[in-house]
Amino acid sequence: MTDCLFCKVRDGEIPTDIVFENEDVLAFNDINPQAPVHILIIPRLHISTVNDVAENNELIMGKLFSAAKTIARQKSVSEDGYRLVVNCNAGAGQTVFHLHMHLLAGRALTWPPG
Ligand code: AMP
Ligand code: ZN
């Protein structure tokens with residue numbers, strides 16, 4: 001998937017502020033932050049949307065949540081709270097078709113979302 005933006009981030013072809021990484025997951029600051037803390041957590045494996053998650057991806061999906069927990073602690077937002085968002089397809093606002101989890105924190109987040 002050479003034309004995928006986040007595969008290029010993963011491969012170091014596009015520079016980002018990496019805040020966390022392990023064998024399966026990479027996390028970096030969003031280029032257009034919507035909150036004081038806005039981090040994107042991606043699987044290294046290219047999966048386009050939540051609709052494309054297969055049974056053998058379940059372990060990796062769990063690792064996105066583990067990374068979110070670790071990053072939230074590192075950013076000292078665990079106690080105040082944070083929001084995890086995964087947009088699926090254009091109607092939900094997905095613009096980059098490499099599955100990613102947004103971690104948003106550092107301000108009061110309203111509900112319902114826009
Ligand atoms: P979504 O709209 O859920 O697909 O989220 C895509 C996110 O990727 C947006 O919040 C963008 O600001 C962010 N984004 C796009 N290009 C980059 C980049 N080069 N580095 C970091 N974040 C990016
Ligand atoms: Zn990709």
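Residues numbered from 1 in each chain as written. Chains lettered and ligands numbered in written order. Predicted model: local features only at pLDDT ≥ 70, side-chain atom pairs only at ≥ 80, totals over all residues. Heavy atoms only, no water.

K.L.:
Got a sec to walk through the environment of Lys75? Specific residues and values, please.
P.N.:
Among the secondary structure elements, Lys75 is positioned in the loop between helix H2 (58-74) and strand S4 (82-85). Separated by 36 residues in sequence, Lys75 and Trp111 place their C-alpha atoms 22 Å apart. Not counting the four nearest positions on each side in its chain, Lys75 is found in contact with Val19, Val37 and Ile39. (Helix = DSSP H or I, 4+ residues; strand = E, 2+ residues; numbered from the N terminus. Contact = heavy atoms within 4.5 Å.)

K.L.:
Can you tell me about the coordination of the zinc ion (ligand 2), naming the residues and giving the values?
P.N.:
Distances from the zinc ion (ligand 2) to its protein donors, Cys4 (SG), Cys7 (SG), His46 (ND1) and His98 (ND1), fall at 2.0 to 2.3 Å. The coordination sphere of the zinc ion (ligand 2) comprises 4 donor atoms, whose angles at the metal cover 106 to 116 degrees; the geometry is tetrahedral. In primary sequence terms, the donor set of the zinc ion (ligand 2) follows C-x2-C-x38-H-x51-H. With a gap of 52 residues between them, His46 in the loop between strand S3 (37-43) and H2 and His98 in the loop between S4 and strand S5 (101-105) connect regions that are remote in the sequence. For His98, a relative accessible area of 0% translates into the label buried. (Donors = N, O, S within 2.8 Å, 3.2 Å for Na, K, Ca; no water. Tetrahedral: all angles 85-135°; square planar, octahedral: opposite > 155°, others 65-115°. Buried < 20%, exposed > 50% of the residue type's maximum accessible area, 1.4 Å probe, protein only.)

K.L.:
Requested: an account of the site of ligand 1, with residues and values cited.
P.N.:
In the vicinity of ligand 1, 16 residues are found, and the nearest of them are Asp30, Asn87, Gly93, Thr95 and His102. The separation between an oxygen atom of ligand 1 and a polar side-chain atom of Asp30 is 2.5 Å. Computed on the free molecule, ligand 1 has an accessible area of 500 Å², of which 85% lies beneath the protein chains in the complex. Broken down by secondary-structure element, the contributors of at least two residues to the shell around ligand 1 are helix H1 (5-10) and strand S2 (25-29). Considering only residue class, the shell around ligand 1 consists of 6 nonpolar, 9 polar and 1 charged. (Near = heavy atom within 4 Å. Polar contact = N/O pair within 3.5 Å; in protein donor to acceptor, adjacent residues only side chain to side chain. Areas by Shrake-Rupley, 256 points an atom, 1.4 Å probe, with all protein chains shown as cover. Nonpolar A, V, L, I, M, F, W, Y, C, P; charged D, E, K, R; others polar.)

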